[in-house]
Amino acid sequence: MAYAVLKRSSIMKSMATGIGESWRKFASVAVGSDLVAAAPNVSLQKARSWDEGVSSQFSTTPLSDIFKGKKVVIFGLPGAFTGVCTSQHVPSYKKNIDKFKAKGVDSVICVSVNDPYTMNGWAEKLEAKEAIEFYGDFDGKFHKSLELDLDLSAALLGHRSTRWSAFVEDGKVKVLNVENVPSDFKVSGGEVILGQI
């Protein structure tokens, strides 16, 4: 079993290394970017149960509602219920939520290329829904618009997000951290961006 995990991790790293280096050079989002302008007409889907989705008529949330006039820490990751995302990435934000609030951050947001129902189930399993707002980017348009998308088909994940974090003030990116490969967890964690605000 340990061999299988190590082998899968090695495949993910080798598969993503070349891709990661090439897309980082051309990503459209950077410090100073306006996220709302960079992803025009894009909305995200707040994590919710199926019944909540039905009662809201499957409403979506425009980026302007998320970012305008607010200080937001946002982090993206390859997928709900996956290894590093579950064991390290989300917990690094959950355990520091009071420190983010003390720095004047209005909301901490987790976004992934998943549907909002999967994001809701994952947030509940992690007991993180009270601290972090979870959003689905169900069709990947948000990440594609920012050029933070990544093809992880070799790992049976399809088109996903890379692992990243940003501090955004009134829609403008003030800090941006992007991992070289999606299996890395070096620059996108809660402690790192907390020290950058």
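Since the structure is predicted, the reported quantities are computational estimates derived from the model, not experimental observations.

1. Thoughts on helix α5 (residues 83-94)
- The end-to-end C-alpha distance of α5 is 16 Å, a good match for the 16 Å that twelve residues give at a rise of 1.5 Å each.
- Every buried residue of α5 is listed here: C85, H89, V90, S92 and Y93. The buried residues of α5 all sit within an arc of 150° when viewed along its axis, so they share a single face. Residues of α5 that are exposed and point more than 90 degrees away from the buried face comprise G83 and S87.

2. So, the sheet that holds strand β5 (residues 133-136)
- With respect to topology, seven strands assemble into an open sheet ordered β2-β1-β5-β4-β3-β8-β9, the strand pairing being mixed. Because the sheet does not close on itself, it has two edges, and the strands there are β2 (61-62) and β9 (172-178).
- Of the strands in this sheet, β3 (71-77), β4 (107-112), β5 and β8 (164-169) touch α5, which is tilted by about 175° from β3.
- Where helix α7 (residues 116-125) meets the sheet, its contacts fall on β1 (43-46), β3, β4 and β5, and the angle it forms with β5 comes to roughly 150°.

3. Some words on α7
- Along α7, the residues that are buried comprise P116, M119, N120, W122 and A123. Viewed along the axis of α7, the buried residues span an arc of 170°, placing them on a single side of the element.
- At its buried positions, α7 is contacted by β1, β3, α5, β4 and β5.
- Two or three places before Y117, at the opening of α7, D115 has a side-chain oxygen 2.9 Å from that residue's backbone nitrogen.

What counts, and at which threshold
- Residues numbered from 1 in each chain as written.
- Predicted model: local features only at pLDDT ≥ 70, side-chain atom pairs only at ≥ 80, totals over all residues.
- Heavy atoms only, no water.
- Helix = DSSP H or I, 4+ residues; strand = E, 2+ residues; numbered from the N terminus.
- Expected span 1.5 Å × (residues − 1).
- Buried < 20%, exposed > 50% of the residue type's maximum accessible area, 1.4 Å probe, protein only.
- Arc of directions from axis to C-beta.
- Pairing = 2+ DSSP bridges.
- Contact = heavy atoms within 4.5 Å.
- Axes fitted to C-alpha atoms, helices over the stretch in contact; angles between N-to-C directions.
- Polar contact = N/O pair within 3.5 Å; in protein donor to acceptor, adjacent residues only side chain to side chain.

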